[in-house]
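# Coordinate inspection notes
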Amino acid sequence: MTKNITRRLAIVAIAALLAACASGPKHSEIQSSIPAMKAGEGRLYVYRESSMMGAAIQPSVLVNGKVAGQSKPGGFFFVDLPPGSVEVSTSTEVEKKLSLTLDAGQTRYVRTVIGFGLLVGRVYPELVDNAAGAKAVAETSYIGAPLAKP
Amino acid sequence: MGRTRQALMLCLAAMLASGCASEVKRAPAELSAAQPEQGRRYATTLAVEARPESGYPRSIRAGTEFVVVGRVAQGLVLKPTQTVLTIEGAHMHEAYAVHRDGQLVGFYLPVERAYAALPLPASMPLQEKNAP
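Reading the values: rules and limits
Residues numbered from 1 in each chain as written. Chains lettered and ligands numbered in written order. Predicted model: local features only at pLDDT ≥ 70, side-chain atom pairs only at ≥ 80, totals over all residues. Heavy atoms only, no water. Helix = DSSP H or I, 4+ residues; strand = E, 2+ residues; numbered from the N terminus. Buried < 20%, exposed > 50% of the residue type's maximum accessible area, 1.4 Å probe, protein only. Contact = heavy atoms within 4.5 Å. Areas by Shrake-Rupley, 256 points an atom, 1.4 Å probe, with all protein chains shown as cover. Buried area = accessible area lost by both parts, 1.4 Å probe. Salt bridge = Lys/Arg side-chain N within 4 Å of Asp/Glu carboxyl O. Polar contact = N/O pair within 3.5 Å; in protein donor to acceptor, adjacent residues only side chain to side chain. Nonpolar A, V, L, I, M, F, W, Y, C, P; charged D, E, K, R; others polar. Phe/Tyr/Trp six-rings, centres within 6.5 Å; stacked < 30°, edge-to-face > 60°. Arc of directions from axis to C-beta. pLDDT = per-residue confidence, 0-100. Pairing = 2+ DSSP bridges.

## Some details on the overall build of chain B
Tallying secondary structure elements over chain B gives 1 helix and 12 strands in all. Across chain B, helices and strands are ordered from the amino to the carboxyl terminus as α-β-β-β-β-β-β-β-β-β-β-β-β. Among the 132 residues that make up chain B, the fraction classed as buried is 40%. Contacts spanning at least 24 positions in sequence make up 51% of the contacts within chain B whose residues lie at least 6 apart. Surface summary for chain B: the accessible area is close to 7,600 Å², and the carbon and sulfur share equals 54%.

## Examining the environment of R5 of chain B
Within the secondary structure, R5 of chain B sits in helix α1 (residues 2-19). Spatially, the C-alpha atoms of R5 of chain B and E23 of chain B are 30 Å apart, while their sequence positions differ by 18 residues.

## Observations concerning the interface of chain A and chain B
Counting residues at the interface gives 18 residues for chain A, matched by 20 residues for chain B. A buried area of about 1,500 Å², summed over both sides, lies between chain A and chain B, and 54% of it is on carbon and sulfur atoms. A salt bridge links E94 of chain B to R108 of chain A; its shortest N-O distance comes to 2.9 Å. Put simply, chain A and chain B have 10 residue pairs in polar contact (both at pLDDT 80 or more) between them. Elements represented by at least two residues in the side of chain A that touches chain B include exactly β6 (95-102) and β8 (122-128) of chain A. It is β6 of chain A that contributes the most residues to the side of chain A that touches chain B, 7 residues altogether. Residue classes in the side of chain A that touches chain B are distributed as 7 nonpolar, 3 polar and 8 charged.

## What to know about the packing of aromatic side chains
Residues and elements named next belong to chain A. Considering all chains together, one arrives at 6 aromatic pairs over all chains under this definition. Consider the rings of Y45 and F76, whose centres lie 6.0 Å apart with planes at 35°: the pair is tilted. Of this pair, Y45 sits in strand β1 (residues 42-48) while F76 is found in strand β4 (residues 75-81), placing the two residues 31 residues apart along the sequence. Here Y45 and F76 have matching classes, each one buried. Counting every residue linked through ring pairs, the aromatic cluster contains Y45, F76, F78, Y109 and Y142.

## Structural notes on helix α3 (residues 130-137) of chain A
Two residues of an α-helix separated by three or four positions point the same way, owing to the 3.6 residues in each turn. Residue and element names in this part refer to chain A. When α3 is considered as a whole, its buried residues turn out to be G133, A136 and V137. The arc that holds every buried residue of α3, seen down its axis, measures 95°, which confines them to one face. Along α3, exposed side chains directed more than 90 degrees from the buried face belong to A131 and K135. Where α3 is buried, its residues touch α2 (27-30), β1, β4, β7 (107-115) and β8. Here α3 starts with a cap whose side-chain oxygen sits 3.2 Å from the backbone nitrogen of A131, and that cap is D129.

## A few points about the confidence of the model for chain B
Residues and elements named next belong to chain B. Predicted confidence across chain B gives a mean pLDDT of 89, with 86% of residues reaching 70 or more. Here residues 14-18 is modelled with pLDDT under 50, and outside its nearest four sequence neighbours on either side it reaches 2 contacts, counting other chains as well. Confidence metrics for the complex model read pTM 0.84 and ipTM 0.83.

## Thoughts on the pairing of strand β3 (residues 66-70) of chain A
Residues and elements named next belong to chain A. For strand β2 (residues 60-63) and β3, the ladder comprises 4 bridges, and the chain directions are antiparallel. The residue of β3 that forms the bridge with V63 is K66. Once β2 ends, the chain turns through 2 residues before running back antiparallel as β3, passing N64 with a positive phi of about 50°.

Structure below.
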């Protein structure tokens, strides 16, 4: 009896965790729909690698103080911005900010990662180099605003 | 009972302290052009291990390429060309290496326009790279 309940609870937990992962189209499926950067702007990709650890913790990601998307396991979105200083922040148990520069025509990558907190896990934004960022984004699903069809 | 409470309080304090990293200590710094080095490219010939005061160590791999983007009072400011450099405390900041006399002496934070010194400079031998 107890074994049965435990098994059912485990199934429910796994289903909940799977549901917590990003379910949008893969990067390869929407690559052609991603618009070219406008002249005089830079692009910031924000992503989170697929992992069951802390999957239920999905805070909003703020870029320059405005909600730009969500940190979801296996998901990515992008924001086009004027060149200059950029602040990326997430707020879970504590607020963690990342400051970086963005030049016109430049693409940069920010990974959100799960860390250990006092009561719940924390999500941190981290700046990553373009080679690692592009590779990771290629393996994630798009969770940003709907894109116009090419 | 008193001891148990004391132990619990100590545990709680330690946990809270580990969750509240200190802010990166920095001072305003003015970046000026570095003549004649501006735009020159250098690569580290050895790996560099830096231990900022905020407690998050940083390592720079041997062969990492930098370009000179200017100078601050503390040294030459080198921006990585293929990778990124950050320093971390309560928050994370993009950083450029500040180099003087063969050593990494601190970091220049381009957003904050500030300099964060290393408590102990780290050896950072560089070799100039010829244009590709």
